[in-house]
Amino acid sequence: FGSSLMADDLRTLLKEAKPGWSAQDLSAVQRKLTKIGIQSAKELSESFSQLNELLSAAGFLKFSNDTLEELKLRLPSKVEGLRGVPSLTNRKMGFGGPSPHRVFQHHQPNVANLEVKTFDWKDWEVKPPSTPPLLARPCVMASYAAELDEHPEEEEEEEDPEAHLSEDDMMKLCVAKKIPLLQLESSRRAMLVIRQLDLLDKMSISALRTEYKKRGFAPDFKLRREQLLAHVKDVVIRENLKLEDLQNLCRQQQLPVEEGMPRSSLMQLLADDSWSVVGIPVQQLPSLVVAHGILDSVATLHSKQLPELVANAKRMGIPLEHKPDREELLPRIVKAMVWKQMDDAALRVECERCGAPLDDIPRHASGGVKLLVNNGCKLGRQKMEQLLLQSLWLDIWKANGIFVQSLGNHETAAKLFTEVEALHSEDMAQVQERYRALDLPVGQLDDHKWVMQRVSESLFWEALPLSELLEECEMRGVSVSDRERQADEDARRSIVRKLVKESCLRAWVKMGIPVSRLGDAQAAALVAEEWRSLANITSADLKIKCELHGVPVDAGLERHDLLQLLKDVAVWESMPIHELKLEIAKNTGPAICDRGLDEFRQHCQLVEQLLLRRCAEFYEGKGIPARRLGSLKAAANLAKELAELDRQDSASLKSECRRLGVPADHLRQQELLELHREISVWRALPAAELRLECRAKSVACPQPQSLITEDELKELLVDALLIEKCEAWYERRGLPVRKLGSVKAAMKVAEKWEQLDSLSEGGLLFKASAFSIHVDKDCK
């Protein structure tokens, strides 16, 4: 009778809010609200702020904004009774479990009855972490199962030209569409798959999600259309594989395949596995509808910022550390949402799996949709939910490097976590002092997260019993001396320092730093610090860093490619010489190194060679022989010089030619540019490459009579090349350029000849007398 009255007042409220709804519409809405635990106007008022979220979590359509406004105007102004205390009226619960609206609203139970406290770990059993295994089960969708398991007869389709494709054409078509033709049941199946894939290509992302859900799979909301399309296509192909090949595929994914399993059960295994990937154990939930409701709620959660997630977690009673991490908090919230939808039997299994004490919680019959008939049953379920929420501390501890299995009990883990949390309130200078005491490289001393992680690990290992500490060393491959195996404090500290150092090495390896090739931890720490600085580098600073190494910023490389190159440079600069030589030999052949240089200069030379290998193609595409120049810095300087030449006019280029001794008055702008580019390249090449250039042009290399510097030798070689280039022009004018020794000398003579040509007869006679030259009277 009481339930009937509550239903009537809810129906009256709905009818007043939406007078246009028919009796059938009102009944449908009332049933929908009942499914989420709302049977009266009072309960609607209590849950109104989360109404649409509750509907979405249960898989129902949300109310429109207009409907919500009309309902809000008619809600009871005062709610009698205590919120959060469930009515003891016998009523049907949504999905065979608690009201789904409690996923978002944390109800404080009667603490006196439950006697559960956050850090009360009495009677908890230490169990290794585990996840519920997937079990083989029949397909939950009967129509889909019937469609998969039936074997239609091979019938010829009338007037279907594609059905008569040759084997070669069919194979080509299947290869193009990535269909394993030989693993399909038949060619007809192949054609059916091809048509289905063509239809999928035309679908929107929402239609693809529907197709995926129709087959019982979990559509990950983070997937883009192309990724989701690939997933749906894979499912369609798997539906049509030979049974043996489908079984092998399931076995490859470590799924529990049983002999004689029909196709529908194998596809159900694959579908259940897709739910595990998104963190929802569908086999432990009452129905697929509930699973999809949770998945929709998870999608909403991922769009929220950390403060909103923290507020949700507090409402749900989820434990929180001092500074929660968003990516670590999300899985905890999802777990709590899943537990809210499980039936009592599944909750009990979860509690047993995490070692929660259940002795004082009686077992009740499970299965199907239950009626809550007594307060004890309700409180037993609430206590199991509270125990599972408490078990989330194990996840928090694990994220902070604290493992209950190693410590032996939950109380020690809780105490240790309190110490770790206290670190966050300590002054950073004090934490850094603890870090220094561990005898670790100080390169990352300013990295707060790194320092906190290492100090936290040291606290964990210091708390371990000696036997567990030694086992940890053995597992990590850390050598322990006989003296360190003694139980004194100095020996323990020594072991802890070794473990923390090994943890650093593992962390650097995980970052991608080749620690084993760097020689020592100090070098790895320097690389890690350089990588950290690159992670937040501005575009202006990135450009400066690239220019310092000769890396072309305008090489068409994306920012992440430039960053990766600079990361590689940081690694190379920290490598010993023998590792650099191996790195060069692995990619370009034997390393070329001047043994006359000291170790530091040899190291720089080898790093330059590696840099050159990575960026040479860009410069060579611009006509700059970077490999012949020997370094990126030389290539970068030459690139700047050539860019400056391109900005000069003809007059400037001709003036520079005259200064170099190269005749250029008869050359056009483009010819002048080409000439200057060639000369600039010669002047930038090392002496060894200039010798090769001379031999290639059949120019005799000058043989200096005395010891000269590298730069002086280069000048001689460039002069030899210029003489070869300009000899014909000078010889036509009667100038013996080779005898003069250089084009500059030839140009000076040519200029003096031009001055003489401009003199009058008197001036010439005066010049002749100055040189004591006798001139006949008849001489013109």
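Just above sits the structure.
Described in the following lines is the structure provided in the data block. (Residues numbered from 1 in each chain as written. Predicted model: local features only at pLDDT ≥ 70, side-chain atom pairs only at ≥ 80, totals over all residues. Heavy atoms only, no water.)

**Concerning the overall build of the protein**
Phase 1 of the analysis: A count of helical and extended segments in the protein gives 38 helices and zero strands.
Phase 2 of the analysis: Counting across all 780 residues of the protein, residues that qualify as buried make up 44%. (Helix = DSSP H or I, 4+ residues; strand = E, 2+ residues; numbered from the N terminus. Buried < 20%, exposed > 50% of the residue type's maximum accessible area, 1.4 Å probe, protein only.)

**Some thoughts on the pattern of salt bridges**
Phase 1 of the analysis: Applying the stated criterion across every chain yields a total of 41 salt bridges.
Phase 2 of the analysis: For E530, the salt bridge goes to K545, with nearest N and O atoms at 3.1 Å. One end of the pair, E530, is in helix α25 (residues 521-535); the other, K545, is in helix α26 (residues 539-549), and 15 residues separate them in sequence.
Phase 3 of the analysis: Connected through shared salt-bridge partners, E211, K214, R215 and E239 make up one network. (Salt bridge = Lys/Arg side-chain N within 4 Å of Asp/Glu carboxyl O.)

**Let's talk about the nonpolar core**
Across soluble globular proteins, you tend to see nonpolar side chains buried next to one another.
Phase 1 of the analysis: W275, I280, I333, W397, I402, W508 and Y730 are the most contacted members of the largest nonpolar core, which has 198 residues in total.
Phase 2 of the analysis: If you tally residues by element for this core, the top one is helix α35 (residues 710-732), at ten residues.
Phase 3 of the analysis: Ignoring anything within four residues of it in the chain, the contact list for Y730 reads G661, P663, L735, V737, V743, A746, M747 and A750.
Phase 4 of the analysis: Listed in part, the 19 residues of the second largest apolar core include L13, L14, A17 and L44. (Core = buried A, V, L, I, M, F, W, Y, C linked by side-chain atoms within 4.5 Å. Contact = heavy atoms within 4.5 Å.)

**Notes on helix α7 (residues 142-149)**
Phase 1 of the analysis: Taken together, the buried positions of α7 are Y144, A145 and L148. When α7 is viewed along its axis, its buried side chains cluster within an angular range of 100 degrees and face the same direction. Those residues of α7 that are exposed and angled more than 90 degrees off the buried face are A142, S143 and E147.
Phase 2 of the analysis: In the core, the buried residues of α7 are packed alongside α11 (225-239) and α13 (263-277). (Arc of directions from axis to C-beta.)

**Considering the environment of R436**
Phase 1 of the analysis: Summarising the element assignment, R436 is placed in helix α21 (residues 428-437).
Phase 2 of the analysis: Assessed through its relative accessible area of 40%, R436 is described here as partly exposed.
Phase 3 of the analysis: Sequence separation of R436 and V451 is 15 residues, and the distance between their C-alpha atoms is 9.6 Å.
Phase 4 of the analysis: Not counting residues up to four positions away in its chain, the partners in contact with R436 are V442 and L445.

**Examining the packing of helix α29 (residues 599-620) against helix α31 (residues 632-646)**
Helices that pack against each other are described as a pair by the angle of their axes relative to one another and the distance between those axes.
Phase 1 of the analysis: It is the contact of α29 with α31, at a shortest axis distance of 9 Å, that shows an interaxial angle of 35 degrees. Between α29, through E608, L611, L612, C615 and Y619, and α31, the contact on the second element is made entirely by L632, K633, A635, A636 and A639.
Phase 2 of the analysis: Classifying every residue of the contact of α29 with α31 by side-chain character gives eight nonpolar, no polar and two charged. (Axes fitted to C-alpha atoms, helices over the stretch in contact; angles between N-to-C directions. Nonpolar A, V, L, I, M, F, W, Y, C, P; charged D, E, K, R; others polar.)

**Quick word on the side chain of R492**
Phase 1 of the analysis: Position of R492 among the secondary structure elements: in helix α24 (residues 489-511).
Phase 2 of the analysis: Buried charge without a salt bridge: R492, with E489 as the nearest opposite-charge side chain at an N-O distance of 4.6 Å.
Phase 3 of the analysis: Those residues in contact with R492, other than ones at most four positions away along the chain, are W461, E462, A463, L464, P465, L466 and L469. (Lys, Arg positive; Asp, Glu negative; His and termini not counted.)

**Quick notes on unusual backbone geometry**
Phase 1 of the analysis: Backbone geometry at K178 places phi at a positive 60 degrees, although glycine is not the residue there.
Phase 2 of the analysis: Looking at where K178 falls in the secondary structure, it is placed in the loop between α8 (167-176) and α9 (187-201).
Phase 3 of the analysis: Classification of K178 as exposed rests on a relative accessible area of 72%.
Phase 4 of the analysis: Notably, S698 is not glycine yet its phi reads approximately 60 degrees, a positive angle.
Phase 5 of the analysis: For S698, the location among the structural elements is in the loop between α34 (687-696) and α35.

**With respect to a negative patch on the surface**
Phase 1 of the analysis: The grouping of D120, D123, D359 and E411 at the surface amounts to a negative patch.
Phase 2 of the analysis: Turning to its location among the elements, E411 is positioned in helix α20 (residues 410-425).
Phase 3 of the analysis: For E411, a relative accessible area of 40% translates into the label partly exposed. (Patch = residues over 30% accessible without salt bridge, like charges linked within 9 Å, V, L, I, M, F, W, Y side chains within 5 Å. Areas by Shrake-Rupley, 256 points an atom, 1.4 Å probe, with all protein chains shown as cover. Charge placed at Lys NZ, Arg CZ, Asp CG, Glu CD.)

**A few points about α20**
Working note: α-helix, 3.6 residues per turn, so residues spaced by three or four point in the same direction.
Phase 1 of the analysis: Look at α20: 23 Å from first C-alpha to last across 16 residues, which is about the 22 Å you get at 1.5 Å a residue.
Phase 2 of the analysis: The opening residue of α20 is N409, an N-cap whose side-chain oxygen sits 3.3 Å from the backbone nitrogen of E411. (Expected span 1.5 Å × (residues − 1). Polar contact = N/O pair within 3.5 Å; in protein donor to acceptor, adjacent residues only side chain to side chain.)

**Here we look at a positive patch on the surface**
Phase 1 of the analysis: A cluster of basic residues, R683, K744, K748, K752 and K767, forms a positive patch on the protein surface.
Phase 2 of the analysis: Looking at the positive patch element by element, the count peaks at three residues for helix α37 (residues 743-757).
Phase 3 of the analysis: Structurally, K744 is set in helix α37.
Phase 4 of the analysis: Judged by its relative accessible area of 39%, K744 is partly exposed.

**Quick notes on the packing of aromatic side chains**
Phase 1 of the analysis: Throughout the structure, instances matching the rule amount to eight aromatic pairs.
Phase 2 of the analysis: Ring centres of F403 and F460 lie 5.9 Å apart, and the angle between their planes is 70 degrees; this geometry places the pair in the edge-to-face category. Separated by 57 residues along the polypeptide, F403 in the loop between α18 (375-399) and α19 (404-407) and F460 in helix α22 (residues 448-463) bring together distant segments of the chain.
Phase 3 of the analysis: A ring pair is formed by W450 and W508, whose centres lie 5.5 Å apart and whose planes are at 10 degrees; its orientation type is stacked. Highlighted residues: W450 in helix α22 and W508 in helix α24, separated in sequence by 58 residues. With respect to burial, W450 and W508 carry one shared label: buried.
Phase 4 of the analysis: Grouped by ring-pair contacts, the aromatic residues W121, W124 and W397 constitute a single cluster.
Phase 5 of the analysis: Sitting over the ring of W450, R454 keeps its end group 4.3 Å from the ring centre.
Phase 6 of the analysis: Over the ring of W531 we find K567; its NZ or CZ atom is 4.9 Å from the centre of that ring. (Phe/Tyr/Trp six-rings, centres within 6.5 Å; stacked < 30°, edge-to-face > 60°. Lys NZ or Arg CZ within 6 Å of the ring centre and 35° of its normal.)

**Concerning the side chain of K304**
Phase 1 of the analysis: Tracing the sequence through the fold places K304 in the loop between α14 (288-302) and α15 (306-316).
Phase 2 of the analysis: Look at K304 and you get buried, because its relative accessible area is 11%.

**Examining the environment of S631**
Phase 1 of the analysis: You can see S631 is positioned in the loop between α30 (626-629) and α31.
Phase 2 of the analysis: In the structure, S631 is positioned 19 residues away from L612 in sequence and 6.0 Å away in space, judged by C-alpha atoms.
Phase 3 of the analysis: Contacts of S631, omitting those with residues within four sequence positions, involve E608, L612 and A626.

**Notes on the packing of α31 against helix α33 (residues 669-684)**
Phase 1 of the analysis: Closest axis-to-axis distance for the α31/α33 pair is 10 Å, and the angle between their directions is 160 degrees. One way to sum up the angle between α31 and α33 is to call them roughly antiparallel. In this structure, α31 crosses over α33, and the sense of that crossing is right-handed. Contact residues: L638, E641, L642, L645 and D646 in α31; L673, H676, R677, S680, V681 and A684 in α33. (Parallel < 35°, antiparallel > 145°, perpendicular 65-115°, else oblique. Left-handed = near helix turned anticlockwise from the far one by under 90°.)

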